[in-house]
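The chain contents come next:
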Amino acid sequence: MKKRQKKEKNSLLFQYIIGITLLTLVITSSFLYLVWLSMKPYQTAKVEGERLAKQYANLETVSQIDIFNGLESYYSVLGQDKNQKPVAVLIEKSSNNIYVYQLENGTSQEKAEAVVREKGATEIDKITFGRYAEKPVWEIKSGGDYYLVDFESGTLIEKEKL
């Protein structure tokens, strides 16, 4: 009789272990699936942005791909053209209009960063090329602040706090 009770306890313990293991496996796989789903739009944007930039702007090498969200959303692709000149390509998400800018004809990232530091930014988290109010801009994130620097003139257009 005692052996039977011991077998039943072992069997019950074994069932609990299997149940907890399966539950943990389901929760972990569900979490990983949600992470994968959340990354999919960004990965698609990178691939599509790079493809369009190479196809329509004669971009040869790509150094940075981001998504710029201003008044409109753009795929922002930085790289070099076939003549090894630095180029920025903006692809409007809603209409797929493509804007190409020669980076040597405007304010550099370093100059835009210096303008923002003069206005009180301390640590620069991210710099993205974009388009705001029909003008090319550098968007610079510093802490909870976003600065927009005009690409053509190098002046600060706007500072937003989150």
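Scroll up for the structure.
Residues numbered from 1 in each chain as written. Predicted model: local features only at pLDDT ≥ 70, side-chain atom pairs only at ≥ 80, totals over all residues. Heavy atoms only, no water.

Caption draft 1: Structural view of unusual backbone geometry. One non-glycine residue, Gln84, lies in positive phi territory at about 60 degrees. Looking at where Gln84 falls in the secondary structure, it is placed in the loop between β2 (73-81) and β3 (86-92). One non-glycine residue with positive phi stands out, namely Ala133, at about 55 degrees. Its location among the elements puts Ala133 in the loop between β5 (126-132) and β6 (135-142). (Helix = DSSP H or I, 4+ residues; strand = E, 2+ residues; numbered from the N terminus.)

Caption draft 2: Structural context of the pattern of salt bridges. Following the criterion strictly, the structure yields nine salt bridges and no others. Close ionic contact of Lys54 with Glu50 constitutes a salt bridge, the shortest N to O distance being 3.2 Å. Taken together, the residues span about one helical turn, with Lys54 and Glu50 both in helix α1 (residues 2-56) at a distance of four residues. For Lys54, a relative accessible area of 37% corresponds to the partly exposed category. We classify Glu50 as partly exposed; its relative accessible area is 28%. (Salt bridge = Lys/Arg side-chain N within 4 Å of Asp/Glu carboxyl O. Buried < 20%, exposed > 50% of the residue type's maximum accessible area, 1.4 Å probe, protein only.)

Caption draft 3: Examining the nonpolar core more closely. Core analysis: the biggest nonpolar cluster contains 22 residues, and Leu103, Val116, Phe129, Trp138, Ile140 and Val149 have the highest contact counts within it. Only β2, β3, α2 (109-118), β5, β6 and β7 (145-150) provide two or more residues apiece to this core. In this view, Ile140 contacts Ala112, Glu113, Val116, Ile124, Lys126, Ile127, Asp145, Tyr146, Tyr147 and Val149; residues no more than four positions away in its chain are not counted. Of all hydrophobic cores here, the second largest spans 11 residues; its members include Ala45, Leu52, Leu59 and Val87. (Core = buried A, V, L, I, M, F, W, Y, C linked by side-chain atoms within 4.5 Å. Contact = heavy atoms within 4.5 Å.)

Caption draft 4: Inspection of a nonpolar patch on the surface at higher detail. Side chains of Phe31, Leu32, Val35, Met39 and Tyr42 sit close together on the surface and give an oily, nonpolar patch of about 470 Å² of accessible area. Looking at the element boundaries, Leu32 is found in helix α1. Using a relative accessible area of 52% as the deciding quantity, one classes Leu32 as exposed. (Patch = residues over 30% accessible without salt bridge, like charges linked within 9 Å, V, L, I, M, F, W, Y side chains within 5 Å. Areas by Shrake-Rupley, 256 points an atom, 1.4 Å probe, with all protein chains shown as cover.)

Caption draft 5: Molecular detail of the environment of Gly143. With respect to the helices, strands and loops of the structure, Gly143 is situated in the loop between β6 and β7. Among the residues examined, Gly143 registers a relative accessible area of 41% and is labelled partly exposed. With 20 residues separating them in the primary sequence, Gly143 and Glu123 have C-alpha atoms 7.0 Å apart.

Caption draft 6: Quick peek at the sheet that holds strand β8 (residues 156-161). Strand order in the open sheet formed by four strands is β5-β6-β7-β8, and the pairing between neighbours is antiparallel. Since the sheet does not close on itself, it has two edges, and those belong to β5 and β8, each with one partner. Pairwise comparison of adjacent strand axes, ignoring direction, gives a mean angle of 25 degrees for this sheet. Here β6 runs beside β7; their pairing, made up of six bridges, is antiparallel. Across the sheet, residue Ser142 finds its bridge partner in β7, namely Asp145. Sheet strands in contact with α2 are β5, β6, β7 and β8, and its direction is about 60 degrees off that of β6. (Pairing = 2+ DSSP bridges. Axes fitted to C-alpha atoms, helices over the stretch in contact; angles between N-to-C directions.)

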